[in-house]
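Here are the chains, one letter per residue:
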Amino acid sequence: MAKKFPLNPPHPERICWGCDKYCAADALACGNGSGRTLHPAEMIGEDWYTFGDWGLELEAEPGKPK
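Residues numbered from 1 in each chain as written. Predicted model: local features only at pLDDT ≥ 70, side-chain atom pairs only at ≥ 80, totals over all residues. Heavy atoms only, no water.

Q: Even after reading the chapter, I still don't get a nonpolar patch on the surface, so can you show me in this structure?
A: The grouping of Leu38, Met43, Ile44, Phe51, Trp54, Leu56 and Leu58 at the surface amounts to a nonpolar patch, some 650 Å² of accessible area in total. Looking at where Leu56 falls in the secondary structure, it is placed in the segment after helix H1 (40–43). (Patch = residues over 30% accessible without salt bridge, like charges linked within 9 Å, V, L, I, M, F, W, Y side chains within 5 Å. Areas by Shrake-Rupley, 256 points an atom, 1.4 Å probe, with all protein chains shown as cover. Salt bridge = Lys/Arg side-chain N within 4 Å of Asp/Glu carboxyl O. Helix = DSSP H or I, 4+ residues; strand = E, 2+ residues; numbered from the N terminus.)

This is how it looks when you write it as structure tokens:
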């Protein structure tokens, strides 16, 4: 089972979000030859998951209808 993807992690800049390994930014293990992949919250903002279809199973927020 894959790890649950965090919506707003406390320090996204410390981790590469490019695959399921979630490596430290200074110890990338995927070997794709590129730099660190940013978390969507770093690029789009804290409400990134409300736009588009990310394929995430979100838990309902109290007081908000689905």
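From this point, the discussion proceeds with the structure in view.
Q: Looking at this structure, how should I read the packing of aromatic side chains?
A: Two descriptors summarise a pair of aromatic rings, namely the distance from one centre to the other and the angle between the planes of the rings. Inspection of the entire model under this criterion finds six aromatic pairs. Ring plane angle 90° and centroid distance 5.8 Å describe the contact between Trp48 and Tyr49, whose orientation is recorded as edge-to-face. For Trp48, a relative accessible area of 1% puts it in the buried group. Joined through ring pairs, the aromatic side chains of Phe5, Trp17, Tyr22, Trp48, Tyr49 and Trp54 make up one cluster. (Phe/Tyr/Trp six-rings, centres within 6.5 Å; stacked < 30°, edge-to-face > 60°. Buried < 20%, exposed > 50% of the residue type's maximum accessible area, 1.4 Å probe, protein only.)

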